[in-house]
Amino acid sequence: MGPSRQSSGLLDTLKMESVRTILADTYTYPHQHSRHAIIAVVVGCLFFISFDNMYTFIQGLDTNIKWWSMYACLFGFFYFFSSPFVGKPITPSYSNFSRWYIAWILIAAVYHLPSLQSMGVDLRMNLSLFLTIYISSIVFLLVFHLAFIGLWYLGLVARVAGKRPKILTILQNCAVISIACCVFYSHCGNRAILRERPFERKHSGWFSFWKKEERNTWLAKFLRLNELKDQVCSSWFAPVGSASDYPLLSKWVIYGEIACSGPCDGSSEEISPIYSLWATFIGLYIANYIVERSTGWALTHPRPIEEYQKMKKKQLKPGFLDMVPWYSGTSADLFKTVFDLLVSVTVFVGRFDMRMMQAAMSPPQAKAQEDLLYDHFSEKDEFWFDFMADTGDGGNSSYSVARLLAQPALQVKGADSVRSLPRGNLLLIGGDLAYPNPSTFTYEKRFFRPFEHALQPPPWYKDEHIAVKKPELPNGVPDLKHYDGPQCFVIPGNHDWFDGLNTYLRYICHKSWLGGWLMPQQRSYFALQLPKRWWIFGLDLALHDDIDVYQFKFFSELIMDKVEENDNVIIMTHEPNWLLDWYWNETSGKNIGHLVRDHLKGRCKLRIAGDLHHYMRHSFIPSEKPVHVPHLLVNGCGGAFLHPTHVFSNFSKFYGNSYEMKAAYPSYEDSSRIALGNILKFRKKNWQFDTIGGVIYFVLAFSMFPQCHLKHMLREDTFSGHVTSFLGTVWDAFLYMLGQSYVSSAAALVLLIIAVCFVPTKLSRRKRLTIGLLHVSAHLSAALILMMLMELGVEMCIRHKLLATSGYHTLYEWYRQVEREHFPDPTGLRARLEQWTFGFYPACIKYLMSAFDIPEVMAVTRSNICKNGMESLSRGGTVIYYASMFLYFWVFSTPVVSLVFGSYLYICINWLHIHFDEAFSSLRIANYKSFTRFHINRDGDLEVYTLAVDKVPKDWKLDPKWDGEPKQPNEMSHRRKYPSKWRAAIAPQDPVATVKIIDQFVIRRTDNTDLQNNGHSS
């Protein structure tokens, strides 16, 4: 952040490369992190409130149920609004914005309500004093930092270690200083204690606790809580002296009030204790900053380079990306995804197909088959290979699977013993490599980075390298048959096709390494000949859910020329059309079906696919009919969010054969239970949805503001009467909206159209209309009820003269009066500041205070509208009124809109079995990850193991075994015993320690002729 220019001076002559600052500490510079100061301020607040005011608070507890109900509702809404951000780091983000936003409007609302005086807290005084000190502190520290940086540029100071402080850090420190001063004023005041009293501090009983003979005196004072508080104020925070003791400061200080029992004549010469406290904090900040930044802090804590590098390496983090927020209203990636999808579907589908371009650019027939057929594995005695799909979403989940794939062997518990499953010689990836759309950023950060951390690429590998002629083998390896490292073949998914396959071709077909896996393929589809006459057909379905004629031609000719009668074929596609066709009640993949039924004729033993982010396996039920595909396997748990399994529980037919479910992960019961999270966790997982939900609710309800006739609701005597009157008024508002408010009615109609279109097309039009109407009715009812509650709260405050009493700038005018009474300024310091800043300083305080008068502005404007009509407002006044209403209505509406929408998704997924994608993408579940490991044994049977981890770690640290293992120059990472760089921060949670087998079966070699005739498999 700081400039790279080096300062001149004595420190430049030192050899700084021989020492290192403690830059690897968690908190680099204490003054930049106010955690300790915040803790001290909080402890001080609790001390003063509990010791001085608890008894008063209990005595003064207001018994009026209306106000405490209003407090409960207000704090409840504010809590639910801010709950998703509790525990998140304070960074310049929406999370941090929401913290400041909620604090702002909550304080603005609470200080207008009654009953806080019972706690001894004058919130209005504290708020106004806080803003004044806050602005002063910011101005002072900004001037200091600018001066310090200027001196650094001139070479008068040397910043041997550091960057410019962040503005957020300065604001945070100023806030802590201001809160400390306000707490002191609330409980000690601004009194200037008489000159003879400060000198009595040495005789005070504050430290008598340490004297045995006076211990009883201290305990007695402890019981008299108010006296103890006074002792703290007079002993610790007494004024430092009078202005006459510091002649240079006499015109630059704030003075305290005279402490006397009766009327006081004249003004005090004692420096204000608040000013003393503020100056102490500011002085400590400046001194700490200067000491650390320019006077050799780095030289007083030298570290050897080796130790520094070792400590820094231990504190490194992988920096994985979070899972994609699918319901974010502000994500540019999601808007780009929608745009790319629209372009791909409306422009390219049926008009331009990259698969045709690949076929057109292929060499003659014999050479083209070499680019698509790979037989270098076929001569091995036995063979291990892996399958995964749908990676590139959350970094933690993607790396967990990649770490398991990279291990030389996995020790997993079987039914009777522990089995060792070696790493696959081949990795098959079934598409959807990065979410939400294919781009340079998503492929590099979400797809390549986890695999490179799990199994590092060769030392000579460069990110920018483009493979012109594949395969690019290491030196000394003549061909693929002699390469002993793991290899990878990848088919594209629907997300990879959103940009017309451009990014996929650039990163898969024209790069040679996915981490430590060699990628020999040159096309988006391929055929692999494996040992013992097993084959893998990798098909590219594009966005058509089917193969094109060029793929069909290649595979049909391959079957005719090379696939023998008793060979066994595994077909890999991205989408499991057997499940999706059943779910959508459609028929897709006609070319694939023709290839399987009429060309393979029973030789397809297994179909594997991804796209659905769960694991399910179905096996055929023996019958008299010929069986085209005995086993159907879906495993899309490679890193993307979880999909439900219970939605597909009734699937049983494919290609005319009956199937039964053999394994599901997660189980149907767990899947249904997880869906409940939409009610409880939707907003916590999708707080970016606030932008959409809050605006929609306000547009639906804004034309009903204000409700001027609400007195009848307050005149009811019973609770049922209040409820009946309230609901009747809400219904009247709805009728008014339909008859008078064209904007809100149009918004409701548009929302209804969107809701009906949102319902899956598998349902009939009548059902879609019914579901959409109920959905919109729930949202509209919630919006109107919230509007009415907000108006009722404002009406109560106006009737009790808490609002609409003073007009605009109420807080500022009140504070100026209090300031003149309690903060003497005999030297005219405030007038000089106003003159020197050309009025900017008081204007900042005035308009910053007016920001906390939003409820007053809202109530005053509402009263004017109810009295004189909306026409009495100017255009600017109308904008200010609706903006002030929106600031509070947004806080009230965002938790509710998330609750309503989450409940809708829960009902749809568990009761109607629709919205399986929408209802689980909202949860962004990183757990339940798996991949499938295959083994062709010496007998030619295919052993299938599906390995899974239930819980994905969130925190990682450098693996000491990886770091400590000797590394040879130009050594390939797959030869290392510990190939993965990161392990879970908590060892028992590491995927290598928690991996388990969730499904295991064997596909035996059979006589395909018999299988076709009688439908039985051995």
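Residues numbered from 1 in each chain as written. Predicted model: local features only at pLDDT ≥ 70, side-chain atom pairs only at ≥ 80, totals over all residues. Heavy atoms only, no water.

S.K.: With reference to specific residues and values, describe the overall build of the chain.
M.R.: Along the backbone of the chain there are 35 helices and 23 strands. Buried positions account for 51% of the 1018 residues belonging to the chain. Contacts spanning at least 24 positions in sequence make up 82% of the contacts within the chain whose residues lie at least 6 apart. Summed over its atoms, the accessible surface of the chain is roughly 47,900 Å², and 60% of this surface lies on carbon and sulfur atoms. (Helix = DSSP H or I, 4+ residues; strand = E, 2+ residues; numbered from the N terminus. Buried < 20%, exposed > 50% of the residue type's maximum accessible area, 1.4 Å probe, protein only. Contact = heavy atoms within 4.5 Å. Areas by Shrake-Rupley, 256 points an atom, 1.4 Å probe, with all protein chains shown as cover.)

S.K.: Outline the packing of helix α15 (residues 440-454) against helix α16 (residues 502-509), supporting the account with residue identities and numerical values.
M.R.: Taken N-terminus to C-terminus, the directions of α15 and α16 make an angle of 50°; their axes are 10 Å apart at the nearest point. By the angle class used here, α15 and α16 are oblique. In the crossing of α15 with α16, the sense of the turn from one axis to the other is right-handed. Each of Thr440, Tyr443, Glu444, Phe447 and Phe448 in α15 lies in contact with α16, whose residues at this interface are Thr503, Tyr504, Arg506, Tyr507 and Ile508. In the contact of α15 with α16, the residues fall into 6 nonpolar, 2 polar and 2 charged. (Axes fitted to C-alpha atoms, helices over the stretch in contact; angles between N-to-C directions. Parallel < 35°, antiparallel > 145°, perpendicular 65-115°, else oblique. Left-handed = near helix turned anticlockwise from the far one by under 90°. Nonpolar A, V, L, I, M, F, W, Y, C, P; charged D, E, K, R; others polar.)

S.K.: Which residues make up the pairing of strand β20 (residues 942-949), and what are the values?
M.R.: Counted residue by residue, β20 has 8 buried out of 8 residues, so it is predominantly covered. Here β20 shows no split at all, with Leu942, Val944, Thr946 and Ala948 on one side and Glu943, Tyr945, Leu947 and Val949 on the other all buried. Taken together, the 8 bridges between strand β19 (residues 929-936) and β20 define a ladder with antiparallel strand orientation. The residue of β20 that forms the bridge with isoleucine 936 is leucine 942. In textbook terms, the turn of a hairpin is the stretch between consecutive antiparallel strands, and for β19 and β20 this stretch comprises 5 residues, one of which, glycine 940, has a positive phi near 90°. Alignment of β20 against strand β23 (residues 996-1003), held across 7 bridges, turns out to be antiparallel. (Pairing = 2+ DSSP bridges.)

S.K.: Go over helix α22 (residues 690-701), please, and point to the residues and values.
M.R.: Taking 1.5 Å as the rise per residue, α22 with 12 residues should run 16 Å; its terminal C-alpha atoms sit 16 Å apart, in good agreement. All of the buried residues along α22 are Asp690, Gly693, Gly694, Tyr697, Phe698, Leu700 and Ala701. Seen from one end, α22 has its buried residues packed into an arc of 160°, which puts them on one side. (Expected span 1.5 Å × (residues − 1). Arc of directions from axis to C-beta.)

S.K.: Break down a nonpolar patch on the surface for me, citing the residues and quoting the values.
M.R.: Taken together, Phe719, Val723 and Leu727 make up a surface patch of nonpolar side chains, about 310 Å² in accessible area. Turning to its location among the elements, leucine 727 is positioned in helix α24 (residues 719-740). (Patch = residues over 30% accessible without salt bridge, like charges linked within 9 Å, V, L, I, M, F, W, Y side chains within 5 Å. Salt bridge = Lys/Arg side-chain N within 4 Å of Asp/Glu carboxyl O.)

S.K.: For the nonpolar core, give the residues involved together with the corresponding values.
M.R.: Membership of the largest hydrophobic core comes to 192 residues, with the highest contact counts inside it found for Phe385, Leu426, Leu530, Phe537 and Leu942. Excluding anything up to four places from it in sequence, leucine 426 contacts Phe377, Phe383, Trp384, Phe385, Asp386, Gln487, Phe489, Leu528, Leu530 and Ile536. Membership of the second largest hydrophobic core comes to 45 residues, among which are Tyr399, Ile429, Ala454 and Cys488. (Core = buried A, V, L, I, M, F, W, Y, C linked by side-chain atoms within 4.5 Å.)

S.K.: Can you break down the sheet that holds strand β3 (residues 373-374) residue by residue, with the values?
M.R.: Strand order in the open sheet formed by 9 strands is β3-β11-β12-β13-β14-β16-β15-β18-β17, and the pairing between neighbours is mixed. In this open sheet, the two edge strands, each paired with only one partner strand, are β3 and β17 (653-654). Bridge count for strand β15 (residues 615-620) against strand β18 (residues 657-665) is 6 bridges, and the pairing is antiparallel. Following the sheet pairing, tyrosine 615 is matched in β18 by tyrosine 665. Strands β3, β11 (526-530) and β12 (534-538) of the sheet are contacted by helix α17 (residues 549-561), whose axis makes an angle of about 170° with β12.

S.K.: Let's hear about unusual backbone geometry: which residues, and what values?
M.R.: Note that the residue after lysine 470, namely proline 471, is joined by a cis bond; omega there is 5°. Its location among the elements puts proline 471 in the loop between α15 and β8 (487-490). Cis geometry marks the peptide bond from phenylalanine 705 to proline 706, where omega comes out at -10°. One non-glycine residue, asparagine 585, lies in the positive phi region at around 60°. With a phi close to 70°, aspartate 611 is a non-glycine residue in the positive phi region. In this fold, aspartate 611 is placed in the loop between β14 (604-609) and β15. Residue classification places aspartate 611 among the buried positions, given a relative accessible area of 12%.

S.K.: Any details on the pairing of β19? Residues and values, ideally.
M.R.: Most of β19 is tucked away, with 8 of its 8 residues classed as buried. Burial along β19 is two-sided: the face carrying Lys929, Phe931, Arg933 and His935 and the face carrying Ser930, Thr932, Phe934 and Ile936 are both buried. As judged from the 5 bridges shared by strand β4 (residues 383-388) and β19, these two strands associate in the antiparallel manner. By the bridge assignment for β19, phenylalanine 387 is matched with threonine 932.

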